[in-house]
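One letter stands for each residue in the lines below.
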Amino acid sequence: MPSPLTRRPETKSFSIEDLLDRVRRGEVRIPDFQRPLRWTAEDVRDLLDSVYRGYPIGTLLFWRREAPAASVSFGPVRIDAPSTSQGLWAVDGQQRVTALAGVLLHPAYGDEPGRDDFHLYFDLETEELLPPSGDAAPPPHWLPMNEVLDSESLLNWLNRYPSREAHPEHIRAAIRLGKAIREYQVPAYVVDTTDEKVLRIIFKRLNTAGRPLTDEEVFNALYVGSRSLSLESVTQGLRELGFGAVPESLLLRAVLAVRGLDFTRGYQQQLRQDDDFTETVQRTERAMRDAIVFLKRDAFIPHLKLLPVPENSLVLLTRFFQLHPEPSPRSRELLSRWFWRHVVFGGWVLKPAEALEVVSAMRSDEERSIQALLAQVPSPLIRWWMESGLPVIPNPGGTQPPLVMRTALLSLQPRHLVTGAVLDPGAVLDAEPDGFVPIVPLPGSPEWPLSMVPGPRTFRLVGGAPFNYLFHPSLAGPSPLAVLQGQPPPDAEVLASHGLTPAMLDGLAQGTPDLFLQRRRVQLEPVLRQFIEARTRWEDSDRPSLQSMIIDDGED
């Protein structure tokens, strides 16, 4: 049996500046039983990028014991280390320590092209970490990463930077990078023992068992510290709203937004060790509940699976409802228009800078916030949904109908093909992977009916046509196509709830899917147009509520 530790491991946190200072002094060593370096250049780059963005990089484990004088290597870095009684032997974390030292302490390479895995530059224009570009000299706006750790060295480089006057934003980006790198905190355990066998056992168990902590688990442990109120408990509570399972990662982004932080970046480089987020998590839960109720009741989004880019849309709505928990009916109407205009205009795909512009528009004044948000989504030059044939329908070649088509189909209040009962979208989407099923299978698939005759346009129409889908739970027996072709077919009211007509079924009965899909397109295009017009209302006035425009008699 292995011996127990006589002293508890010491838990501490090293800033990268402190950690690499210890490397330079020869205090950090690599035990003989550590595995050889296996990281690639991409692994090294990803680690430094994680540090810059504040992402967790794991916990280090050091064995504190005497270390003799030796020549120590960390990638390209060579240290003539003196003997020390307080050596820190990296039992777990050799690859990470080597990557940090190899990049940030790399021997000077100036403008020469790099030729090893530890040469990295920071592009001051794109704010990305990049390896050397072949044998070519790096552009002048590429900051060598071995200039970043020492603030004096970084300032000297910036003083020589030829574009410092023309691009002051480059100077700010470089200073942010240096601060993020130097101050990043790496958690660590330090074990005191004379028994190397114990360390070998610890090393084996760390590297062959368990799983790494997620960002959300680390956040709970460091900044909430309560099992009764955690990201997990909040997401479980939100499920009672029938909106689906909100991922903890999404909730964490919302917590950052509610706190007024940059939710597009990792949290570690933005927080202090003594920050407490307990109250912020509570406020986020209340605001997200209000946002979900708004989505279901006002915006006609019944489930998370139908929400476009929730890491933007739901997070930003949560931020709004945290500032304005009880918006007026007029504000709710305008907020719904703003939401749907984003759907039609860009599908809620926002760059980080665009997402932060939305946050900046949300102020303490409810009416002004709404007007500022609406001003950020201009009217489209062409209202494509009103054009003949819907030529620009989003995602025309996808394997599922786009969001606009899905929600438009749900607006018909679809009924069960067999029982005729009105379907509950939330319940169906909770139980089904998707909820939207093709009517006519792909040609050549096992489900393709032998009676069907593929025409010259069938693959394009059937394979990706949004008009080939209906919303329905899985059927225990026959497929939706078999039910529609059965005798008697579903009654007219059930068919209408899916955008179908008895005449359309003639195309299925005749074995001509092209005819069926063309007829259904004609049937559903007006539904889609009406749905988009009703949701976006670009032709209507976006004026604030009348109450907000009333001038108080007491005002000058």
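See the structure printed just above.
Computed from a predicted structure; not experimentally measured.

**Q** Please clarify how the pairing of strand E5 (residues 77-81) should be interpreted in this entry.
**A** The two faces of the sheet receive side chains in turn, since in a regular strand these alternate between them. Of the two faces of E5, only the one carrying Val77, Ile79 and Ala81 is buried; Arg78 and Asp80 on the other face are not. Sheet topology places strand E4 (residues 70-74) next to E5; 5 bridges connect them, and they run antiparallel. Looking across to E5, one finds that Phe74 is bridged to Val77. Counting the residues in the hairpin turn of E4 and E5 gives 2 residues, including Gly75, whose phi is positive at 65°.

**Q** Looking at this structure, I do not really get the packing of helix H11 (residues 310-323) against helix H13 (residues 352-361). What am I missing?
**A** Helices that pack against each other are described as a pair by the angle of their axes relative to one another and the distance between those axes. Running from N to C, H11 and H13 point in directions that differ by 20°, and their axes come no closer than 10 Å. By the angle class used here, H11 and H13 are roughly parallel. Crossing geometry of H11 relative to H13 is assigned as right-handed. Only Ala355, Val358 and Val359 of H13 make contact with H11, whose side of the interface consists of Asn312, Leu316 and Arg319. For the contact of H11 with H13, a count of residues per class yields 4 nonpolar, 1 polar and 1 charged.

**Q** What should I look at first to understand the sheet that holds strand E7 (residues 121-123) in this one?
**A** Pairing between the strands of a sheet comes from backbone hydrogen bonds, and it takes one of two forms, parallel or antiparallel. Ordered by their spatial adjacency, 3 strands build an open sheet running E8-E7-E9, and the pairing between neighbours is antiparallel. The open sheet is flanked by strand E8 (128-130) and strand E9 (142-144), the only strands paired with a single partner. Adjacent strand axes in the sheet meet at a mean angle of 35° when their direction is disregarded. Strand direction decides the pairing type here: E7 and E9, joined by 3 bridges, are antiparallel. Directly across from Tyr121, in E9, lies its bridge partner Pro144.

**Q** What exactly am I supposed to notice about the packing of aromatic side chains here?
**A** Here a ring pair, both rings aromatic, is described through the centre-centre distance and the interplanar angle of the planes. One pass over the structure, following the stated rule, counts 17 aromatic pairs. Aromatic side chains Phe14 and Phe62 sit 5.7 Å apart centroid to centroid with 85° between the ring planes, which places their arrangement in the edge-to-face category. Within this pair, whereas Phe14 is found in strand E1 (residues 10-15), its partner Phe62 is found in strand E3 (residues 60-67), the two being separated by 48 residues in sequence. Through a chain of ring-to-ring contacts, three or more aromatic side chains come together here, namely Phe300, Trp338, Phe339, Trp340, Trp348 and Phe531. In this structure, Arg65 is placed above the aromatic ring of Trp89, and the distance from its NZ or CZ to the ring centre is 4.2 Å.

**Q** Mind showing me how you'd approach the pairing of strand E6 (residues 84-92) here?
**A** Buried residues dominate E6, accounting for 7 of its 9 residues. Summarising the sheet, strand E2 (residues 28-29) and E6 pair through 2 bridges and their orientation is parallel. Considered in E6, the bridge of Val28 is made with Leu88. The pairing of E3 with E6 spans 6 bridges and is antiparallel. Bridge pairing in E6 places Phe62 opposite Ala90.

**Q** Which parts of the structure should I look at to understand the side chain of Ser497?
**A** Among the secondary structure elements, Ser497 is positioned in the loop between helix H19 (492-496) and helix H20 (502-509). At 2.6 Å, the side chain of Ser497 and the backbone oxygen of Val494 are in polar contact. Setting aside its immediate chain neighbours within four residues, Ser497 contacts Leu409, Leu412, Gln413, Pro414 and Arg415.

**Q** Any chance you could explain the pattern of salt bridges here in plain terms?
**A** Two side chains with opposite charge may pair up if their charged atoms get near one another. Under the criterion given, the structure shown has 26 salt bridges. The partner of Arg64 in a salt bridge is Asp192, and the shortest N-O contact between them spans 3.0 Å. You can see Arg64 sitting in strand E3 and its partner Asp192 sitting in strand E10 (residues 185-192), a full 128 residues away along the chain. Its relative accessible area of 19% is what places Arg64 among the buried residues. For Asp542, the salt bridge identified is with Arg337, shortest N-O distance 2.8 Å. Here the residue Asp542 occupies a position in the loop between helix H21 (513-536) and helix H22 (546-549), and Arg337 occupies one in helix H12 (residues 329-346), the gap between them amounting to 205 residues.

**Q** What is the right way to look at helix H5 (residues 168-183) in this model?
**A** Residues separated by three or four positions in an α-helix point in the same direction, a consequence of the helix having 3.6 residues per turn. If you check H5, its first and last C-alpha atoms are 23 Å apart, about what 16 residues at 1.5 Å a residue would give, namely 22 Å. Of the positions making up H5, those classed as buried are His170, Ile171, Ala173, Ala174, Leu177, Gly178, Ala180, Ile181 and Arg182.

**Q** What exactly am I supposed to notice about the sheet that holds E10 here?
**A** Strand order across the open sheet formed by 5 strands is E1-E10-E3-E6-E2, with mixed pairing between neighbours. In this open sheet, the two edge strands, each paired with only one partner strand, are E1 and E2. Sheet topology places E3 next to E10; 5 bridges connect them, and they run parallel. Bridged to Phe62 within E10 is Val190. Across the sheet, helix H3 (residues 94-104) lies against E2, E3 and E6, angled at about 110° from E6, the strand it touches most.

**Q** Looking at this model, I keep getting lost on the nonpolar core. Mind explaining?
**A** Soluble, globular proteins show a tendency: their nonpolar side chains are buried together. Phe219, Leu295, Ile301, Leu314, Leu335, Trp338 and Phe339 are the most contacted members of the largest nonpolar core, which totals 76 residues. Those residues within four positions of Phe219 in sequence are excluded, and the remaining contacts are Val224, Leu231, Leu252, Val255, Tyr267, Leu271, Phe277 and Val281. Formed by 51 residues, the second largest nonpolar core is a distinct cluster that contains Val97, Leu120, Leu124 and Ala173.

Reading the values: the criteria
Residues numbered from 1 in each chain as written. Predicted model: local features only at pLDDT ≥ 70, side-chain atom pairs only at ≥ 80, totals over all residues. Heavy atoms only, no water. Buried < 20%, exposed > 50% of the residue type's maximum accessible area, 1.4 Å probe, protein only. Helix = DSSP H or I, 4+ residues; strand = E, 2+ residues; numbered from the N terminus. Pairing = 2+ DSSP bridges. Axes fitted to C-alpha atoms, helices over the stretch in contact; angles between N-to-C directions. Parallel < 35°, antiparallel > 145°, perpendicular 65-115°, else oblique. Left-handed = near helix turned anticlockwise from the far one by under 90°. Contact = heavy atoms within 4.5 Å. Nonpolar A, V, L, I, M, F, W, Y, C, P; charged D, E, K, R; others polar. Phe/Tyr/Trp six-rings, centres within 6.5 Å; stacked < 30°, edge-to-face > 60°. Lys NZ or Arg CZ within 6 Å of the ring centre and 35° of its normal. Polar contact = N/O pair within 3.5 Å; in protein donor to acceptor, adjacent residues only side chain to side chain. Salt bridge = Lys/Arg side-chain N within 4 Å of Asp/Glu carboxyl O. Expected span 1.5 Å × (residues − 1). Core = buried A, V, L, I, M, F, W, Y, C linked by side-chain atoms within 4.5 Å.

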